[in-house]
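Observations on the three-dimensional arrangement
Here are the chains, one letter per residue:
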Amino acid sequence: MNVPVLEIGGSHLTAALVSLDDLRVVRSRRWDLEPDVSSAAFVSTMLEGAAWIEVPAGSTWGVAVPGPFEYDTGIGRYAGVGKFESLNGFDVRQALVTGLAQTPGRVVFLNDADSFGLGEYAAGAAKGFTRAVCLTLGTGVGSAFVADGLPMSAGPGVPPDGEAHFIVWGGAELEETVSRRAIRRAYAEKTGEHLDVHEIAALVRRGTSPAIELWNHTFRALGEALSPYVRDFGAEVLVLGGSVAGSFDLIEAPLRKGLARDVVLRAAVDTEHAPLIGAAVHAAASF
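What comes next concerns the included structure. Computed from a prediction, not measured in an experiment: that's the story for all the values here.

**A short note on the side chain of Ser247**
With respect to the helices and strands, Ser247 occurs in the loop between strand E13 (237-241) and helix H8 (248-259). Relative accessible area serves as the criterion here: at 11%, Ser247 is assigned to the buried category. Beyond its immediate chain neighbours, meaning those up to four positions away, Ser247 contacts Ala201, Arg205 and Trp215.

**Examining the nonpolar core**
Membership of the largest hydrophobic core comes to 40 residues, with the highest contact counts inside it found for Leu135, Leu137, Trp215, Phe219 and Leu222. Going through the elements one at a time, strand E8 (131-137), strand E9 (141-147), helix H5 (180-191), helix H6 (197-206), helix H7 (209-233), E13 and H8 are the ones with two or more residues in this core. Top contributing element to this core by residue count: H7, with 9 residues. Not counting residues up to four positions away in its chain, the partners in contact with Leu222 are Leu135, Leu137, Leu174, Val178 and Leu255. With 28 residues, the next largest nonpolar core counts Leu17, Phe42, Leu87 and Ala95 among its residues.

**Digging into the pairing of strand E7 (residues 106-111)**
Burial runs high along E7: 5 of the 6 residues are buried. Bridge analysis of strand E4 (residues 60-65) against E7 gives 6 bridges, and the strand direction is parallel. Bridging across to E7, Val63 finds its partner in Phe109.

**Details of the packing of H5 against H6**
Here H5 crosses H6 at 60°, and the two axes come no closer than 9 Å. With respect to H6, the element H5 is oriented oblique. Here H5 and H6 pass one another in a crossing that is left-handed. Here Arg180, Ile183, Arg184 and Tyr187 of H5 come into contact with H6, specifically with Val197, Ile200 and Leu203. In the contact of H5 with H6, the residues fall into 5 nonpolar, no polar and 2 charged.

Conventions we followed
Residues numbered from 1 in each chain as written. Predicted model: local features only at pLDDT ≥ 70, side-chain atom pairs only at ≥ 80, totals over all residues. Heavy atoms only, no water. Helix = DSSP H or I, 4+ residues; strand = E, 2+ residues; numbered from the N terminus. Buried < 20%, exposed > 50% of the residue type's maximum accessible area, 1.4 Å probe, protein only. Contact = heavy atoms within 4.5 Å. Core = buried A, V, L, I, M, F, W, Y, C linked by side-chain atoms within 4.5 Å. Pairing = 2+ DSSP bridges. Axes fitted to C-alpha atoms, helices over the stretch in contact; angles between N-to-C directions. Parallel < 35°, antiparallel > 145°, perpendicular 65-115°, else oblique. Left-handed = near helix turned anticlockwise from the far one by under 90°. Nonpolar A, V, L, I, M, F, W, Y, C, P; charged D, E, K, R; others polar.

As far as function goes, none of this settles anything; it's purely spatial.
Below, the structure written as structure tokens:
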């Protein structure tokens with residue numbers, strides 16, 4: 001059985017058809033989206049992507065979308081967050097249902113970080129574990145706290161709404177230390193050079209001292225910040241995805257030192273496709 005899905009990110013929309021039989025992406029296509037996109041342009045792109053999938057009327061759709069968003073109603077709440085401001089109060093579900101020639105049966109929304117976590121839980125690095133913390137590291141810190149196949153938004157070891165960026169370390173939210181912009185800013189302050197994270201990682205591989213010091217500080221801090229949450233949640237595995245996590249081999253040692261506890265550390269199997277698979281799995285649970 002195949003499920004149509006849309007994944008909406010801060011700068012893109014991906015449309016895909018996902019097979020539930022073997023949890024793989026049958027086909028997918030990506031469109032660019034600007035953070036300041038108008039509601040009309042957003043709807044146009046969304047409907048173009050949805051029509052490209054070509055599924056029958058009455059299909060159940062899975063849609064992964066970043067917050068703040070009302071996932072039950074399908075309405076955006078993007079006020080003062082620097083992205084998708086035109087969708088604040090906008091009914092995305094209604095636009096999809098009324099705009100497609102092949103009218104969807106149901107449209108099931110899910111946070112994009114949760115969809116990544118569910119995808120890695122179902123078919124990736126967290127497969128076979130009962131409780132997993134899955135992070136996406138890039139422009140921010142996205143997170144999913146998954147227990148028995150369900151993303152958790154509350155409970156022991158779960159930060160507010162299941163969002164790790166609310167965790168405070170060193171007197172500030174975690175993204176002020178671990179995000180792409182934070183790492184770039186810290187390196188510039190330390191050296192006067194303005195480099196991107198992959199360039200800093202390359203310097204770490206070459207053994208350059210300022211880069212190594214910053215890198216180890218950053219990811220040990222991530223471990224220290226997460227440690228009590230990993231403990232209280234009872235996580236068996238911690239999965240890292242996103243652009244920054246492409247240097248997982250350099251991250252693992254300082255991260256483990258900061259965690260100071262026995263938990264499996266793994267790089268995501270497929271950061272690109274995991275959210276699509278997760279959205280399909282979540283939609284299938286509503287059948």
